[in-house]
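Spelled out, the chains give:
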Amino acid sequence: MQLAIDEATQAATRGEVPVGAIVVRDGVVIARGFNQPIGLHDPTAHAEIQALRAAGQALGNYRLPGCDLYVTLEPCAMCSGAIQHARIRRVIWGAADPKTGACGSVIDLFGNPTLNHHTVSRGGIRSSECAALLQSFFMQRRAQSRQRTESG
């Protein structure tokens, strides 16, 4: 999870919401990703999607069986769908997302028995640290917004 946290920190330094992800296969990190929707002007450029794309390139396949994804924030429905389509074995996530989380907070996409692939989801790993990154980022954003409002 530390490597995913490092990726999240990279996102924050670029003004992106600090979410980071890594893909691991046989104990080896094969791909990394961090949020980039703002910088790339791409609503799908979430950390998980970036890491899945890089893993697909690294393995030469859009299917990623035997791979685990570590991510600092509970995946949304878009990312959860991509995780399932990629046949990720396990997703291990940090902070829960009570607004868009699709691993149990809002919906549980991985728990739907009618789907043909069932990724295992495990949340709450280093959740305090992962949540603190997000809280700090949004506190800074709100402070910047107040400064602009007060000076403008």
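What you see is a predicted model, and the numbers here were worked out from it, not measured in a lab.

> Would you mind showing me how to read the overall build of the chain here?
What the chain contains, in helices and strands, is five helices and five strands. Secondary structure of the chain in N-to-C order comes out as α-β-β-α-α-β-α-β-β-α. Taken over the C-alpha trace, the chain has a radius of gyration of 16 Å; the compact-globule value for 152 residues is 15 Å, and the two agree within 12%. The C-alpha extent of the chain, read off along each of the three principal axes, is 55 × 30 × 25 Å. Across the 152 residues in the chain, those meeting the buried criterion constitute 39%. Carbon and sulfur atoms form 54% of the exposed surface of the chain, whose accessible area is close to 8,000 Å². Averaged over its 15 positive side-chain charges, the chain has a centre that lies 1 Å from the centre of its 12 negative ones.

> Help me out: how do you make sense of the packing of helix 3 (residues 47-59) against helix 4 (residues 77-85) in this one?
A pair of packed helices is characterised by two quantities: the angle between their axes and the separation of those axes. Between helix 3 and helix 4, the least distance of the axes is 9 Å, while the angle of their chain directions is 20 degrees. Considered as vectors, helix 3 and helix 4 are oriented roughly parallel to each other. The two elements helix 3 and helix 4 meet at a crossing, and its hand is left-handed. Between helix 3 and helix 4, the residues in contact are Glu48, Ile49 and Leu52 and Met78, Cys79, Ala82 and Ile83, respectively. In terms of residue class, the contact of helix 3 with helix 4 is made up of six nonpolar, no polar and one charged.

> When you look at the packing of helix 1 (residues 2-13) against helix 5 (residues 127-151) in this model, what are you seeing that I'm missing?
Interaxial distance between helix 1 and helix 5 falls to 11 Å at its minimum, and their mutual angle equals 5 degrees. In terms of orientation, helix 1 lies roughly parallel with respect to helix 5. Listed contacts from helix 5 to Gln2, Ile5, Ala8, Thr9 and Ala12 of helix 1 are Glu129, Cys130, Leu133 and Phe137. Class assignment for the residues of the contact of helix 1 with helix 5 results in six nonpolar, two polar and one charged.

> How do you make sense of the packing of aromatic side chains when you look at a structure like this?
What describes a pair of aromatic rings is the distance from one ring centre to the other and the angle between the planes of the rings. Using the criterion set out here, one finds one aromatic pair in the structure. Relative to Phe138, the ring of Phe137 lies with its centre 5.2 Å away and its plane at 80 degrees, an arrangement referred to as edge-to-face.

Cut-offs and rules
Residues numbered from 1 in each chain as written. Predicted model: local features only at pLDDT ≥ 70, side-chain atom pairs only at ≥ 80, totals over all residues. Heavy atoms only, no water. Helix = DSSP H or I, 4+ residues; strand = E, 2+ residues; numbered from the N terminus. Rg over C-alpha atoms; globule rule 2.2 N^0.38 Å. Buried < 20%, exposed > 50% of the residue type's maximum accessible area, 1.4 Å probe, protein only. Areas by Shrake-Rupley, 256 points an atom, 1.4 Å probe, with all protein chains shown as cover. Lys, Arg positive; Asp, Glu negative; His and termini not counted. Charge placed at Lys NZ, Arg CZ, Asp CG, Glu CD. Axes fitted to C-alpha atoms, helices over the stretch in contact; angles between N-to-C directions. Parallel < 35°, antiparallel > 145°, perpendicular 65-115°, else oblique. Left-handed = near helix turned anticlockwise from the far one by under 90°. Contact = heavy atoms within 4.5 Å. Nonpolar A, V, L, I, M, F, W, Y, C, P; charged D, E, K, R; others polar. Phe/Tyr/Trp six-rings, centres within 6.5 Å; stacked < 30°, edge-to-face > 60°.

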